[in-house]
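Secondary and tertiary structure notes
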Amino acid sequence: MLIEQISTVFAMVPYAAPLGPYVGRGGGKGSLGGSGLIVKVVSDEGLVGWGEGTGSLAADINDLLVGRHAADIEAATTAMEEAGIGRGPMSGVEMALWDLVGKKAGLPVCRLLGGVVREEVDFCACMGLKEPSASAATAREYIDRWGFRFLKTKAGDDPEQDLGIAAAIQREIGEEAALRPDANSGYEPAVAEATLEKMRDLGVGLFEDPCSREHLDCLIRMRRDPGMKILVNMGVGTAESVTDLLEAGAADMLMPDTPAAGGLLRVKRVAETAAAWGVPTLMHCAHDLGLKTAAITHVAASTPGFSGPSDTCYHGLVDDILTEKLQFTNGRIRVPMGPGLGVEVDEEKLAKYRKD
């Protein structure tokens, strides 16, 4: 089964309230929807694989990959990297190849990546920066409407603002769900330590990227607090990028992502590397559409250490490019077990949400 043609379309699906607009650290108008580079790979047998990456391809990738066997995914990834193709678009091509190979084999991607260790995958519902009262109301809707048991807010601009938001959410949710603020490495070490102490006193037991990973000593000190777990996403790319964190004991959980690593297999390698130190992993969110959300479930389904609640904004989409939108039950998605990614792209919807 040879690669015959590769094409790409950039698509964006709007967010509905209460998620949109999603305002991150630094403020601004916020993200108005989920988006991705949608990759279509057609084989010489007429089978089609779909993938979702980020960014764009600066050159026609057909000259590089057409004629190669679709199952030679490692070789294709190496060729793309050597040609200077970024990991964001590369991750979409790699995902499409896994989807294509799974369809040819009649197997779900999770069974190609190691087999099924879990059939449902937990997710953490993201919300951007909102006023405290709006944050609390959003948290309540996330719990009541979708059953989420893990919630994520942005942070890192102003510790007092972050503490006010956390306090309002904690009053609303109590022990119904776990809150995980994400400062995107926005605090200086001293501020990070003081803020996390106050966060712990509010009942917050998870915090993402409180300070830059360059300050390993600070991350290690914060980890010593038995009431606080530290997650690291910033700077997590391929497996080689996390060994310093693991050797130093600076993270309770790692958060890889397909655009940062370059594909599903590379994310699995981050997870397997972390597992050697007993550190679990979960997927970071890049304002994903349905293809990547489905792919997250396949990685988590086939990787024992991929046990954390992966980030998602998917619940906020008004629609999707898939024929059937994925559904959350109790904050989880059941792994789609059809061939490949187990989902199908609706090409009319893809045309509707195309952004040139």
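Here, every reference points to the structure presented above.
Residues numbered from 1 in each chain as written. Predicted model: local features only at pLDDT ≥ 70, side-chain atom pairs only at ≥ 80, totals over all residues. Heavy atoms only, no water.

1. Topic: the sheet that holds strand S2 (residues 33–43)
Our working definition: One requirement defines pairing of two strands: DSSP has to find at least two bridges between them. Secondary structure elements follow DSSP: runs of H or I of four or more residues count as helices, runs of E of two or more count as strands, with numbering from the N terminus. Lines fitted to C-alpha atoms define the axes here, with helix axes fitted over just the stretch in contact, and angles between the N-to-C directions of these axes take values from 0 to 180 degrees. We call two residues contacting when some pair of their heavy atoms lies within 4.5 Å.
Read from one edge of the open sheet, three strands run S1-S2-S3, paired in antiparallel fashion. A strand with exactly one partner marks an edge of an open sheet, and here the two such strands are strand S1 (3–14) and strand S3 (48–53). Across this sheet, the average inter-strand angle for adjacent strands is 25°, counted without regard to direction. Across the sheet, helix H3 (residues 87–105) lies against S1, S2 and S3, angled at about 150° from S3, the strand it touches most. Of the strands in this sheet, S2 and S3 are in contact with helix H12 (residues 290–301), which crosses S3 at around 95°.

2. Points about H12
Going by this rule: Between the first and last residue of a helix there are one fewer steps than residues, each counted as 1.5 Å, and that sum is the expected span. Type-normalised accessible area, obtained with a 1.4 Å probe on protein chains alone, sets the label of each residue: buried when under 20%, exposed when over 50%, and partly exposed for intermediate values.
Between the first and last C-alpha of H12 there are 16 Å, a value that for 12 residues agrees with the 16 Å anticipated at 1.5 Å per step. Along H12, the residues that are buried comprise Gly-290, Leu-291, Lys-292, Thr-293, Ala-294, Ala-295, Ile-296, Thr-297, His-298, Val-299, Ala-300 and Ala-301.

3. Section: the pairing of strand S4 (residues 120–126)
In regular strands, side chains alternate between the two faces of the sheet. Here S4 lies mainly inside the structure; six of its seven residues are buried. Relative to strand S11 (residues 332–334), S4 runs antiparallel, the two being bridged by three bridges. Paired with Val-121 across the strands is Ile-333, a residue of S11. Inspection of the sheet shows S4 paired to strand S10 (residues 310–312) by three bridges, in the parallel sense. Residue Phe-123 lies in a different strand from S10, and its bridge partner there is Ser-310. Here two bridges tie S4 to strand S5 (residues 150–154), and the two strands are oriented parallel to one another. Paired with Cys-126 across the two strands is Lys-152, which belongs to S5.

4. With respect to the nonpolar core
For clarity, the threshold we go by: To qualify as a nonpolar core, a set must consist of buried Ala, Val, Leu, Ile, Met, Phe, Trp, Tyr and Cys residues joined through side-chain atoms within 4.5 Å.
Within the largest apolar cluster, 107 residues are counted, with the highest numbers of intra-cluster contacts made by Leu-151, Leu-254 and Leu-291. With eight residues, the single largest contributor to this core is H3. If sequence neighbours within four positions are ignored, Leu-254 has contacts with Val-232, Val-242, Leu-245, Leu-246, Ala-274, Val-279, Pro-280, Thr-281 and Leu-282. Counting residues in each nonpolar core, the second largest holds five residues, with Leu-206, Leu-231, Met-253 and Leu-282 among its members.

5. Side note on the packing of helix H7 (residues 189–202) against helix H8 (residues 216–223)
Formally: Orientation categories follow fixed angle ranges, with anything under 35 degrees roughly parallel, anything over 145 roughly antiparallel, 65 to 115 roughly perpendicular, and all other angles oblique. Under the grouping applied here, Gly and all other residues not named as nonpolar or charged are polar, the nonpolar ones being Ala, Val, Leu, Ile, Met, Phe, Trp, Tyr, Cys and Pro and the charged ones Asp, Glu, Lys and Arg.
Packing of H7 against H8 brings their axes to within 10 Å, and their N-to-C directions diverge by 10°. The pairing of H7 with H8 is recorded here as roughly parallel in orientation. Contacts between H7 and H8 pair Pro-189, Ala-192, Glu-193 and Leu-196 from the former with Cys-218, Arg-221 and Met-222 from the latter. Here the contact of H7 with H8 is composed, by residue class, of five nonpolar, no polar and two charged.

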